[in-house]
Amino acid sequence: MALLVMEGFDDGMYAERVTNFAGTVSSTYGKHGNGLRGGHGPNGWWRRANTPAAINGKVFLSFFACPTVTSVTEENIFCAFSTSANKTVNAWQCHFYIGWDHSRQAWRFGGPLGTFYSADDSAPEDAWYHFEVEFVWGDSTSGTAKVWVDGTLVLNQTGVDTAYNTVESHLVLGGDGSNDQMQEVWFDDIVLWDDQGDPPNTTLGIVKVETVVPSGNGNSSGLTGSDSNQTDNYLLVDDTSDSDWVEGDTEGDKDTYAMGDITGTESVYGIEVACRAQKTAAGTKYVRPIVRSGSTDYAGDSQALIEDTWDTVFHHWGNDPDTSASWTVSGVNAIEAGLEVRDS
């Protein structure tokens, strides 16, 4: 599997990690920690561009959702694959909705005027549900959509046109309604992956996104802190505040940090190392995320920085690069994570 999106709304980088974001994030709206208040009026949506766009390409989506408002007059289209950056329904070619009275769920394929396929389920308000989707972009002979709610298969359609003469490349959660007409839905723990690379390349069941932050010094302390030294740099990057930071200007300058532990004994399907970074002068400068597993540093892709603008830099590792096998809880709890300054 290749991890494409991991979002738990707990690290403060949710707005920068995606292409467009509008909404309110707090623990009030979360299943595990913070969550997104979406679908309520015109300002509750989350969009990630550049999802896999090949015809017959398969993706899997997992998220938690909690519908909360019944006094509305429109169906709430709260999960969609879209052909454009537009967040309105006219661009949503394949979408999942809950009826305004929570009476039914359905997928609609083939654009705003396409065919409805009812799901065998309803969604009472003020309760959290886990949704999992298996989706194949294709024509009337190859398109597939399957939906599970809390582990129960409620929709199973094969040989349906899910591409609608073009290819969806945007994932949208939430919606753009008229005032408060659209039902309010809360979202948490969004994960998107495909069927490429190492297994598992299938549905995973309930998946939780857990966020940990730096908790100690690591093997490398090559960056200089906003306190003008290189001592205990982890204390400057263990929150989302811009009031303290670490910096470097020479290729190879690098920090790694011991990280807090994840909990539980469940399977681990991948990790993301993410940080916020910017450059402060003209010219080209890059950083790349680092994970240290075993006794080796492994680097993600270099990503260009924007002058005087914070941006999120991240990289996914589906397997432990030190063992080439699936991550274990103990393996994740032993890593260091950080970043390295690059010229290209």
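A brief report on the enclosed structure follows. (Residues numbered from 1 in each chain as written. Predicted model: local features only at pLDDT ≥ 70, side-chain atom pairs only at ≥ 80, totals over all residues. Heavy atoms only, no water.)

1. Details of the overall build of the chain
Within the chain, the secondary structure is distributed over two helices and 27 strands. Relative to its full complement of 344 residues, the chain shows a buried share of 49%. If you sum the accessible surface of the chain, you get close to 14400 Å²; carbon and sulfur atoms cover 43% of it. (Helix = DSSP H or I, 4+ residues; strand = E, 2+ residues; numbered from the N terminus. Buried < 20%, exposed > 50% of the residue type's maximum accessible area, 1.4 Å probe, protein only. Areas by Shrake-Rupley, 256 points an atom, 1.4 Å probe, with all protein chains shown as cover.)

2. What about the packing of aromatic side chains?
One pass over the structure, following the stated rule, counts five aromatic pairs. Aromatic side chains Phe63 and Phe131 sit 5.3 Å apart centroid to centroid with 15° between the ring planes, which places their arrangement in the stacked category. Of this pair, Phe63 sits in strand β6 (residues 58-67) while Phe131 sits in strand β11 (residues 129-136), placing them 68 residues apart in sequence. In this structure Phe63 comes out as buried when scored by relative accessible area, which is 0%. Summarising the aromatic geometry, the rings of Trp128 and Trp186 are spaced 6.5 Å apart at their centres and angled 50° between planes, so their arrangement reads as tilted. Pair noted here: Trp128 is in the loop between β10 (115-119) and β11 and Trp186 is in strand β15 (residues 185-194), with a separation of 58 residues, a long-range link. Given the relative accessible area of 23%, Trp128 is considered partly exposed. (Phe/Tyr/Trp six-rings, centres within 6.5 Å; stacked < 30°, edge-to-face > 60°.)

3. Some details on the pattern of salt bridges
Enumeration according to the criterion identifies eight salt bridges in this entry. The residue Glu134 makes a salt bridge to Lys58 at a minimum N-O spacing of 3.6 Å. Here the residue Glu134 occupies a position in strand β11, and Lys58 occupies one in strand β6, the gap between them amounting to 76 residues. Overall, the relative accessible area of 26% leaves Lys58 in the partly exposed class. Each of the salt bridges in this network shares a partner with another, and the network as a whole consists of Glu251, Arg288, Glu340 and Arg342. (Salt bridge = Lys/Arg side-chain N within 4 Å of Asp/Glu carboxyl O.)

4. Details of the pairing of strand β13 (residues 152-158)
Here strand β12 (residues 144-149) pairs with β13 via six bridges, running antiparallel. Each residue of the ladder has a partner; that of Val147, found in β13, is Leu155. (Pairing = 2+ DSSP bridges.)

5. Points about the nonpolar core
In terms of nonpolar packing, the biggest core is built from 30 residues, with Trp46, Leu61, Phe63 and Ile190 touching the most fellow members. Of all the secondary structure elements, the ones that give two or more residues to this core are β1 (3-7), β6, β7 (76-82), β11, β12, β13, β14 (170-175) and β15. Residues Leu236, Tyr257, Val291 and Trp317 belong to the second largest nonpolar core, which totals 25 residues. (Core = buried A, V, L, I, M, F, W, Y, C linked by side-chain atoms within 4.5 Å.)

6. Here we look at the environment of Leu155
If you trace the backbone, Leu155 turns up in strand β13. With a relative accessible area of 2%, Leu155 lands in the buried category.

7. A short note on unusual backbone geometry
Positive phi, normally seen in glycine, also occurs at Ser228, with a value near 70°. Of note, Ser228 is situated in the loop between β17 (224-225) and β18 (246-247). In this structure, Ser324 takes a positive phi of about 60° despite not being glycine. Here Ser324 lies in the loop between β25 (319-320) and β26 (325-326). Relative accessible area serves as the criterion here: at 59%, Ser324 is assigned to the exposed category.

8. Some words on the environment of Ser215
Within the secondary structure, Ser215 sits in strand β16 (residues 214-221). For the pair formed by Ser215 and Tyr234, sequence separation is 19 residues and the distance between their alpha carbons is 6.6 Å. When sequence neighbours within four positions are dropped, the list of residues in contact with Ser215 reads Tyr234, Ala258, Met259 and Gly260. (Contact = heavy atoms within 4.5 Å.)

9. Overview of the side chain of Lys279
By the secondary structure assignment, Lys279 is in the loop between β20 (271-277) and β21 (286-293). Buried within the structure, Lys279 lacks any salt-bridge partner; Glu307 is the closest side chain of opposite charge, at an N-O distance of 5.0 Å. When neighbours within four sequence positions are excluded, Lys279 is seen to be in contact with Thr284, Lys285, Leu305, Ile306, Glu307 and Asp308. (Lys, Arg positive; Asp, Glu negative; His and termini not counted.)

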